[in-house]
Structures are given as C-alpha cells and as structure tokens.
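Here's the letter readout for the chains.
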Amino acid sequence: MVGFVPRAGQVKPPTDERLSDRIAIGVLTRVVPPGLVDEVVAATDAGEVRKRLLPARVVVYFVLAMCLFSGQGYEEVARLLTEGLAWARRWQGRWEVPSTAAISRARARLGAEPLRVLFDRVCRPLATEATVGAFYRGWHLVAVDGSTLDVPDTPSNVEAYGRPGSSRGPGRAAFPQVRVAALAECGTHAMFAAATGPLSVHETTLARRLFGQLRAGMLLIADRGFVGFDLWAEAAATGADLLWRVKTNMVLPVVALLPDGSYLSRIVAAGDRKRTNPATVRVVEYTLAGADTVYRLITTILDPQQAPAADLAALYAQRWEFETALDEVKTHQRGPGMVLRSRHPDGVEQEVYGFLLVHYAIRELMWQAAQHAGEDPDRISFTRTLNAIT
C-alpha cells in the first residue's frame, strides 16, 4: 500500500506515520528539549505575537530537521517533523502541510540568534574519564580547526561572505563560502564551541572567539595554521595546555636539551626583535617511518616526565579526529558537493548552527551507546548511526 504524502494545503491524516519519523525527532527533542527551545525563543525575542501555523518552537525544530533530512524538500521535511512531534506529544490538533514559501517566511522571522544560543546552551564536552580514547594522563584531548561551506550564489551571500578564487574559468569559484571554526573533543568528535565569518576573516581570528570554552586540564591540539605568539599566549592564558604544530622554518633556538630528545626554546611576538617578552615552549621534532617530512610540535608541557616526546608525537595524530568530524557534517549530513539552502546571510548562520546542533545530537547518542558498551566512540559508525536515525 502506498503511503499518503500530502501536498501543501492538504490536511494530514492522523494514521499515516512512520517509526523512523518518531526516532529521528526523538533524537532532536532529547538533546534540544522543547522547554529549552521556548526559553531561548523568549530570550532572543523570536516569539510570535499572533498564533501561526508555524510557531517559533516548531520552526526551530524545522531547521534542525532540515539539517537532519538534508536531501528532502521543505514540505517533506515539515511532514516528517510534524509526525515526529505529534508522536512526542509536542503538537496538537489537525495540521496542514505549510508551503515552501510559508516555511521560508517562518525561517526569516525566527532569524539566526535562537540557533546560535541553543548551540551555546546545549553543546558541551561529553567525555568522562571512562570514555575510551578521550584523555591522556588526565588531559582532556580537544582540537581546534576550521573549514568552509558553499552557500547559494546570491548577491547578499556574496556581499556577506565573499567568493574564493579559482584557477579555472573566470578565476572565481562557483559559490560564495562561509567560514566556520570550532573546538571539538578528539575522543567523541563532539563540537562544543563554534564561530562563523566571511572568507576574509582567517580561521585563527575566529578561533579567538572559542578560547573562552577552554579549561585547565584540557590539551588543545592544532595544526600549523594556528601558530602565532599572540594566539598562543591567548590560548595558554585559559589554563589549558597546548600542543601545536609549527612550520619548519620557524626560529626555535635551543635553550636546553631534554632526556627524551625534545628541547626547550622560546617564542616571541613578531615585533619583539629584542626578545624582551618570550614564552618558553618545549619542542618535539620527528619523522614518520618511510617519509622525509619533519614534524615540529611546540607544547606548554615542559616536563618530559609528564608527557614524553614519543607520546606527544602520537597524540598529534588525534587532530585528524577533527577532520573526521568536519567530514561527517560536510559529506554525510549535508551530502557531498551539496550547497546550503539559505539564500540570505541570516539564514546561512541559522543553517550552520542547525547542522552543528544535529551533529552534536548524533554524536551524543553515539557516545551514550559507547559508554554503555564500554567501547571507544570511534568504533561506532557515524554513517550507520545517521542512516538508522533517518
């Protein structure tokens, strides 16, 4: 028997629902509970004065649902969402499927701020000391990195975000891009801080907005794009320890050799030619078997007995866990090569934080399952989990 899929304006029959709809929306409402959504909507003045077919709470869940069912059209996402909310007893009465235009207007009324605030309120580090692969000798392993997402080629998006250059055709890429920087747990891939900006803003600038979420006891891992004295000093001032890769041409004078082959050095600001305000770092240099590339790491952990050089070299590979997390959002959630839906910058911001919230909800579910089984969260497939949910 073919299921009935209503068109815009048709009344949804009460008996046509799927178990998958219930599960998918249940994952979202568990991590982003309706009470919190209402609180954030009120705090950001995003509520409605008159009763609407799409009240603000439902629009928030619609944004999350469209980032979960990213390959579906607006009206199908609305159908899936409302069936799930009805099952969860978050929707009452008869319902007409809103049109695409009505949904677009509702998203514009909501704006981006409620999704930003929800991300800040919901997304926190997940790992405990019992989480396999999340800690090293008491240090909580986290990483910082950035990426870009293609957005629709509209005048407002081009003006807000800019368009990257291209070596082919007219010398410019087909789509403008929004830049995203985030902090994530290496052990769980949960992103717990994020910032967005135009292409003209470097990811290191966005990273500064994230440092407020760092804490003593964390070990922040970063690639060589993040090194700079001021950035290093700001991150270290949070109390977190740092393990960052640096370029091989960076001047790192040997101050003292250490028993494990690492050495102490000092870094200074670019304008400090007299080296009057140096920061002491420990340098670890190594190569991988069968390769000529020399890796250079600097760290705030100065005592090799606390963290031997070989261990730090191995830990740096944890940074690639962040690359995996970004791939989960860009390739598996959004879909390979797909462009975000939003034709205006406020909608782009709304959508980006929607994707990050959905990714967190999926990762939180995976972490719970790994904890229950006593497994490393890395042993659970993100793709299979996403497919099971949707």
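Structural notes, computed from the coordinates. (Residues numbered from 1 in each chain as written. Predicted model: local features only at pLDDT ≥ 70, side-chain atom pairs only at ≥ 80, totals over all residues. Heavy atoms only, no water.)

### Side note on helix α9 (residues 229-236)
Rules: Throughout, exposure labels follow a simple rule: accessible area from a 1.4 Å probe, protein chains only, divided by the maximum for the residue type, with under 20% read as buried, over 50% as exposed, and the rest as partly exposed. Under the DSSP-based scheme used, a helix requires at least four consecutive residues in state H or I and a strand at least two consecutive residues in state E, with every element numbered from the N terminus. Picture the helix axis, draw a direction to every C-beta atom, and the arc is the one those directions span. We call two residues contacting when some pair of their heavy atoms lies within 4.5 Å.
Listing the buried residues of α9 in full gives F229, L231, W232 and A235. In an axial view of α9, the angular spread of the buried residues amounts to 165°, which keeps them on one side of the axis. Those residues of α9 that are buried are in contact with α8 (203-208), β5 (218-222), β6 (241-246), β8 (263-267), β9 (279-287) and β10 (294-299).

### Description of the packing of helix α2 (residues 34-43) against helix α3 (residues 56-68)
Spelled out, the test is: Helix axes are fitted to C-alpha atoms over the stretch in contact, other axes to C-alpha atoms as well, and angles between N-to-C directions run from 0 to 180 degrees. Should an angle fall under 35 degrees it is called roughly parallel, over 145 degrees roughly antiparallel, and 65 to 115 degrees roughly perpendicular, with every other angle called oblique. In a left-handed crossing the near helix is turned counterclockwise from the far helix by less than a right angle, and in a right-handed crossing that turn is clockwise. Only Asp, Glu, Lys and Arg are considered charged, only Ala, Val, Leu, Ile, Met, Phe, Trp, Tyr, Cys and Pro nonpolar, and every remaining residue, Gly among them, polar.
Between α2 and α3, whose axes approach to 9 Å, the crossing angle comes to 110°. Relative to α3, the element α2 is oriented roughly perpendicular. Where α2 crosses over α3, the handedness of that crossing is right-handed. The segment α2 lies against α3, with P34, V37, D38 and V41 engaging A56, R57, V60 and Y61. In terms of residue class, the contact of α2 with α3 is made up of six nonpolar, no polar and two charged.

### Observations concerning the packing of aromatic side chains
Aromatic rings considered in pairs are described by the distance between their centres and by the relative angle of their planes. Keep this limit in mind: Aromatic rings from Phe, Tyr and Trp, with only the six-membered ring used for Trp, were paired whenever their centres fell within 6.5 Å, and each pair was classed as stacked if the ring planes differed by under 30 degrees, edge-to-face if by over 60, and tilted otherwise. Cation placement over rings: the criterion is NZ of Lys or CZ of Arg within 6 Å of the ring centroid and within 35° of the ring normal.
Counted under the stated rule, the structure contains five aromatic pairs. Between F62 and Y74, the aromatic rings sit 5.3 Å apart at their centres with planes inclined by 90°, giving edge-to-face as the arrangement. In this pair, F62 is assigned in helix α3 and Y74 in helix α4 (residues 74-87), connecting sequence segments twelve residues apart. Residue F62 is classed as buried on the basis of its relative accessible area, which comes to 3%. Both rings, one in F119 and one in Y353, keep their centres 5.7 Å apart while their planes meet at 65°; by these two values the pair is edge-to-face. Highlighted residues: F119 in helix α6 (residues 113-122) and Y353 in helix α12 (residues 345-373), separated in sequence by 234 residues. With respect to burial, F119 and Y353 carry one shared label: buried. The ring centre of W320 lies 4.3 Å from the NZ or CZ of R319, which sits over that ring.

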